[in-house]
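Spelled out, the chains give:
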Amino acid sequence: MTLGVGEDTGAGDVHTGDQVIYIVEGRAFVKMGKEEEYAEAGTLITIPAGTHHYVRNDGDIPLFILTVYAPPVF
């Protein structure tokens, strides 16, 4: 997934399975539940099933992330 500068995944995103996000390039603001962090390229984030989360490109270049869902989401 690629998010342009200032773009986000939408507020209140939640999935029935676990999600893993790896930041390939860029800088992200990540909110999981009540926790908020900034993350850069090389960061791996694990989001447990049922956790509300939000990702926003907080940098000045496109944010390129690799996302894996378990079990897969079709």
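Residues numbered from 1 in each chain as written. Predicted model: local features only at pLDDT ≥ 70, side-chain atom pairs only at ≥ 80, totals over all residues. Heavy atoms only, no water.

**Some details on the packing of aromatic side chains**
Thinking step 1. One pass over the full model with this rule turns up 2 aromatic pairs.
Thinking step 2. When the centroid spacing of 6.3 Å and the interplanar angle of 70° are considered together, the rings of Phe 29 and Tyr 54 count as edge-to-face. Here the residue Phe 29 occupies a position in strand S3 (residues 27-32), and Tyr 54 occupies one in strand S6 (residues 53-57), the gap between them amounting to 25 residues. Summarising the burial analysis for this pair, Phe 29 and Tyr 54 share the class buried.
Thinking step 3. A network of ring pairs unites the aromatic residues Phe 29, Tyr 38 and Tyr 54 as a single cluster. (Phe/Tyr/Trp six-rings, centres within 6.5 Å; stacked < 30°, edge-to-face > 60°. Helix = DSSP H or I, 4+ residues; strand = E, 2+ residues; numbered from the N terminus. Buried < 20%, exposed > 50% of the residue type's maximum accessible area, 1.4 Å probe, protein only.)

**Considerations on the sheet that holds strand S5 (residues 44-47)**
Thinking step 1. Overall, antiparallel pairing links the 4 strands, which are arranged S1-S7-S2-S5 in an open sheet. In this open sheet, the two edge strands, each paired with only one partner strand, are strand S1 (2-3) and S5.
Thinking step 2. Both S1 and strand S7 (residues 63-70) contribute to a ladder of 2 bridges, which runs antiparallel. Each residue of the ladder has a partner; that of Leu 3, found in S7, is Leu 63. (Pairing = 2+ DSSP bridges.)

**Remarks on the environment of Glu 35**
Thinking step 1. Within the secondary structure, Glu 35 is located in strand S4 (residues 35-40).
Thinking step 2. A sequence separation of 18 residues divides Glu 35 from His 53, and the C-alpha atoms of the two residues are 9.3 Å apart.

**A look at unusual backbone geometry**
Thinking step 1. The step from Ala 70 to Pro 71 runs through a cis peptide bond, and the omega angle for that step is 0°.
Thinking step 2. Residue position: Pro 71 is located in the segment after S7.

**Details of a nonpolar patch on the surface**
Thinking step 1. Residues Tyr 22, Val 24, Leu 44, Phe 64, Leu 66 and Val 68 make up a contiguous nonpolar surface patch of roughly 530 Å² in combined accessible area.
Thinking step 2. Mapped by element, the contributors of at least two residues to the nonpolar patch are strand S2 (18-25) and S7.
Thinking step 3. The element contributing the most residues to the nonpolar patch is S7, with 3 residues.
Thinking step 4. Within the secondary structure layout, Tyr 22 lies in strand S2.
Thinking step 5. On the accessibility criterion, Tyr 22 (33% relative accessible area) is partly exposed. (Patch = residues over 30% accessible without salt bridge, like charges linked within 9 Å, V, L, I, M, F, W, Y side chains within 5 Å. Areas by Shrake-Rupley, 256 points an atom, 1.4 Å probe, with all protein chains shown as cover. Salt bridge = Lys/Arg side-chain N within 4 Å of Asp/Glu carboxyl O.)

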